Amino acid sequence: MNHPENATVFLKDVARAKWHDETLWIVREKRDATIHQIPEWEELRELASQIKDHTLSKLDFYLEELEKNATANGIKVHWAENAAEHNQIIGKILEEKNCKDVVKSKSILTEECHLNPFLEEQGIDVVDTDLGERIIQFLKQPPSHIVMPAIHLKKSDISAIFHERLHTEKGNIDPVYLTHAARLHLREKFLQAKVAITGVNFAVAETGEFVICTNEGNADMGVHLADTHIACMGIEKLIPRRKDLGVFLRLLARSATGQSITNYNSHFRSPSPGKELHLILVNNGRTKQLGREKFRNSLKCIRCGACMNTCPIYRRSGGFSYGSTVPGPIGSILSPGIDLKKYSTLPFASTLCGSCSDVCPVKINIHEQLYEWRQEITKAQGSSLKGLSMKLADGIFTSPLAYKISGQLMRASLKTLPDSIIYNPLNVWGKGRNLPELPTESFKDWYKKNRNRA
Ligand code: SF4
C-alpha cells in the first residue's frame, strides 16, 4: 500500500480529479453555512468531546451497562473480539434461520470486517440498500468515502451501470429517473429478505437502545420488513445517557452533509413482537488503540466524514488512494494502528494544515496525531535517506559558516549541473515542481548592500 503511487493513478484523470476536489469542497461549504446558524456550535463540539473522553475513560463500565440494559429489553447481545468472530456470529444466525437473502444498510464496520465477501462465500445474497453502496456493490468496489460511498462516480457513470444492471434507458442521467429505478429494484429485495443487517450510529448505555441515522430510510425499511434485525457496532459508538444524543445528532448531520437534521434518526430499544433483535459489539483493535495514549482520542470519531471533505490531500487523491476502509485524515491515524508497515505512507498524506482538526465535531486533534504517527514510523523504520538528509540539513542550518558556504556552493553548482540532477525518477521532489530562478547573491549580501536605501 503506497499512498503517493495510488494518488498518481487517481490524478491521471485530471478532469475527474478536479471535479472530485470541487464536489467535496461544496459539501464543506454546505457544512460551514449550516454550522453558522448555531451560535453555540463551539460549545456543542466541546461538550461532545468531553462526553466522548469521559465515555472512553470508563468504556468497560458503560459497555456492561449497555449489555445489561439491552438484554433486559429483549435484545440478544453478542461480543466479537475481531472481524472473524463478528462474521461468524452473523453467519451462525443466518444458518439458524436458513436465510439466503439479506439486506444491509450502510455500515463502515461491516466493510471493515469484510462481511459481504464472507457471506457471499456461504452462498448468501447480500444486498446493500443504501443507494451509493448499491452502486459500488454493482461495481464490486469498496466505498471511497464513509458518508458518500460513491462520491468518486459521476451521474454518467451511474447511468451506464444502471443501464447494464437494471436495464434503464441508455444515456439517461436524470437523477430522479435513476433513483426511481434503484427504488423499484431495491423494493423487491426488501420484500424477499428475512434478515436485515444494519450499523449503529450511537448506543445509549443508560437505556440499552441504539440509534441508526440514514437519509434514505433504507435501514428502517429493511428492519421493519424482516423477521430478524442484526445491528453491528464498534465498541466506541457508545454514549452514556439518552440526553447526550441531542448533542451528537446536531453535530453529525451538520458536519456530514450540511443538513440541520438527518432524515431518519431511528431508535431501536427492543424487538417487535415475534421478531428478533441482535446487537454485536465489536472490538477489532479498538482496545489496542484505547491503550495508546497519544492516539486514544481517535476513538471519539462519529464517522461524519467532515475531515475528508476539507482535506486538500483527500480531495485531490480520492478515497481509494488510502487503501483502507476509512480513508482521509481520520483513516490515516486509525490505519497505522492496525498495520503500521502496510499503512506507513498514510500519515504523510497530509499538509498538516490542521483543517481536519478544525472541522472535527468531536475535536479530535487529527493533525497532531498524524505528526505523532510520522515520528513513530520514522523511529520504526530506522535510518532512511530522509533521516540522513534531515541530519545534514540540521548541521547546515545550525552553523552560520556551513550555511554560507553551502549557499555559495549551491548557487554556483546549480547553474552548471545538468537538469537531470533535479529532474530524475529517483528525486520525487522534482516531480511537478520547478526550481525558482537562482539569485546571484545571498540575502545577507543583498541586505548589506540595500539596508540604507530609503
Ligand atoms: S475524525 Fe472527526 S471529522 Fe473526521 S470523520 Fe471522525 S468525527 Fe468526523
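Model, not experiment: these values are computed from the prediction.

So, how was this worked out
Residues numbered from 1 in each chain as written. Predicted model: local features only at pLDDT ≥ 70, side-chain atom pairs only at ≥ 80, totals over all residues. Heavy atoms only, no water. Domains from an automatic or database assignment. Phe/Tyr/Trp six-rings, centres within 6.5 Å; stacked < 30°, edge-to-face > 60°. Helix = DSSP H or I, 4+ residues; strand = E, 2+ residues; numbered from the N terminus. Buried < 20%, exposed > 50% of the residue type's maximum accessible area, 1.4 Å probe, protein only. Lys NZ or Arg CZ within 6 Å of the ring centre and 35° of its normal. Pairing = 2+ DSSP bridges. Axes fitted to C-alpha atoms, helices over the stretch in contact; angles between N-to-C directions. Contact = heavy atoms within 4.5 Å. Near = heavy atom within 4 Å. Nonpolar A, V, L, I, M, F, W, Y, C, P; charged D, E, K, R; others polar.

Student: Sorry if this is basic, but what is going on with the domain arrangement of the protein here?
Tutor: How big an interface is tends to be reported as the loss of accessible area on association of its parts. Partitioning the protein into domains gives domain 1 (1–37 + 304–382), domain 2 (41–284) and domain 3 (385–450). Distance from the C-alpha centre of domain 2 to the C-alpha centre of domain 3: 54 Å.

Student: Explain the packing of aromatic side chains to me, please; I cannot follow it from the model alone.
Tutor: Taken as a whole and judged by the stated rule, the model has nine aromatic pairs. Considering the side-chain rings of Phe-202 and Phe-248, the 5.7 Å spacing of their centres and the 40° angle between planes classify their relative orientation as tilted. Residue Phe-202 is found in strand β5 (residues 202–204), and its partner Phe-248 is found in helix α12 (residues 245–257); the two are separated by 46 residues along the sequence. When its relative accessible area of 0% is taken as the criterion, Phe-248 is described as buried. Each ring, one from Phe-397 and one from Tyr-403, has its centre 5.9 Å from the other, and the planes form 45°; the classification is tilted. One aromatic cluster is present, built from ring pairs that chain together Phe-443, Trp-446 and Tyr-447. Residue placement shows Lys-52 over the ring face of Phe-248; its charged tip is 5.7 Å from the ring centre.

Student: So what exactly am I meant to see when it comes to unusual backbone geometry here?
Tutor: Trans peptide bonds make up the majority, and among non-glycine residues the majority have a negative phi. You will see that Asn-98, though not glycine, has its phi angle at about 50°, which is positive. A relative accessible area of 63% places Asn-98 in the exposed class. Non-glycine residue Lys-363 carries a positive phi angle of around 55°. Mapped onto the elements of the fold, Lys-363 is located in the loop between α17 (355–359) and α18 (366–381).

Student: When you look at the sheet that holds strand β2 (residues 101–104) in this model, what are you seeing that I'm missing?
Tutor: One key point about sheets: their strands pair by backbone hydrogen bonds, in either a parallel or an antiparallel sense. Read from one edge of the open sheet, six strands run β1-β10-β7-β4-β2-β3, paired in parallel fashion. Bordering the open sheet on either side are β1 (76–80) and β3 (125–128), each of which pairs with just one other strand. On average, adjacent strands in this sheet sit at an angle of 20° to one another, irrespective of strand direction. Packing against the sheet, helix α5 (residues 83–96) makes contact with β1, β2, β4 (195–198), β7 (228–234) and β10 (276–282), and its axis sits at approximately 145° to β1.

Student: What exactly am I supposed to notice about the site of the ligand here?
Tutor: With respect to spatial proximity, 13 residues lie near the ligand, and among them Cys-301, Cys-304, Gly-305, Cys-307 and Cys-360 are the closest. Class assignment of the residues belonging to the shell around the ligand gives a composition of eleven nonpolar, one polar and one charged.

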